[in-house]
Amino acid sequence: MATAGRMSVDGGDMMRYAEYSPKPDARSDADIDRRLGGTLIAVGLGVAAAGFAGRYAFQLWKPLGQIFSETVRKMPSSAFSPYYKGGFEQKMSKREASLILGISPVTTKAKVRDAHRRIMVLNHPDKGERYCDRQGKSGSPYLAAKINEAKDLFDKENRR
């Protein structure tokens, strides 16, 4: 039976509020201290292990750093260049065509057209800005032919 502001708990004991009822699974302070101590020891051991591993890595780093720098010095500088080194192939491949146009080997027809137009403006024999001869003409007929060949290869692939 409940009265104003009070509750009846089994056994007839009257309590003012229900949240003050005893909890059966309450942990003692000693149990909490033991668990906290175990956690702190585990964290301490983890930090110590990370410190020893870091010290060991720094000791190994000096010889590995020397080997790495020697290997980088032996590599040709063109390996890190964003430009393609080498001449043109006899028969143009899709990879070479994509390198010439600066697009992905699998791309849309619109992107091929835009890339071709952008590169031809720079390399057209009459209007380009790259090479100038004595007559004031700029651009290269050979490069223009290769750019057109690359576009034609992509157009042929898109038709299939």
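This one's a predicted model, so the numbers in the text were calculated from it and none came from an experiment. Positions within a chain are numbered from 1, following the residues in the order the chain's sequence is written. With pLDDT at 70 or above as the cut-off, local features in this predicted model cover only qualifying residues; side-chain atom pairs require 80 or more to be listed or tallied, and sums for whole chains, interfaces and linings still use all residues. Processing note: side-chain calculations cover all non-hydrogen atoms of the structure and skip hydrogens and water entirely.

As a further point, take the overall build of the protein chain. Of regular secondary structure, the protein chain possesses 4 helices and 2 strands. Order of helices (α) and strands (β) in the protein chain, N terminus to C terminus: β-β-α-α-α-α. Expressed as a percentage of its 160 residues, the buried residues of the protein chain come to 16%. Accessible surface computed for the protein chain: about 13400 Å², of which carbon and sulfur atoms make up 58%. A run of H or I in DSSP becomes a helix once it reaches four residues, and a run of E becomes a strand once it reaches two; helices and strands are each numbered from the N terminus. For each residue, the accessible area found with a 1.4 Å probe, counting protein chains only, is set against the maximum for its type, and the residue is called buried under 20%, exposed over 50%, and partly exposed in between. A 1.4 Å probe and the Shrake-Rupley method give the accessible areas. Residues count as covered only by the protein chains that appear here.

Here we come to the UniProt feature "transmembrane region" (unreviewed entry) in the protein chain. What UniProt calls "transmembrane region" (unreviewed entry) maps, in this numbering, to residues 36-58. Structurally, residues 36-58 is divided into 100% helix and 0% strand, and its ends, taken at the C-alpha atoms, are 33 Å apart. UniProt positions are given in the numbering used here, feature names are shortened, and annotations may be inferred rather than shown by experiment.

To qualify as a nonpolar core, a set must consist of buried Ala, Val, Leu, Ile, Met, Phe, Trp, Tyr and Cys residues joined through side-chain atoms within 4.5 Å. Residues Ala 97, Leu 101, Ile 103, Ile 147, Ala 150 and Phe 154 are the most contacted members of the largest nonpolar core, which totals 14 residues. Put simply, the parts of the chain that give this core at least two residues each are helix H2 (94-101), helix H3 (109-123) and helix H4 (141-159). It is H4 that provides the largest number of residues to this core, a total of 5 residues.

Another point: helix H1 (residues 29-74). Expected helix span is taken as 1.5 Å per residue step, with the number of steps being one fewer than the number of residues. The end-to-end C-alpha distance of H1, which contains 46 residues, comes to 65 Å, matching closely the 68 Å that a straight helix rising 1.5 Å per residue would cover. The reported bend at a residue is simply the angle between two axes, fitted to the 7 residues ending at it and to the 7 residues beginning with it. Largest kink in H1: about 40°, centred on Trp 61, with the proline Pro 63 one to four residues after it.

On to H2, then. Note that an α-helix has 3.6 residues per turn; residues three or four places apart therefore point the same way. Taken residue by residue, H2 has Glu 96, Ala 97, Ser 98, Ile 100 and Leu 101 as its buried positions. Following H2 by one or two positions, Gly 102 adopts a phi angle in the positive range, close to 75°.

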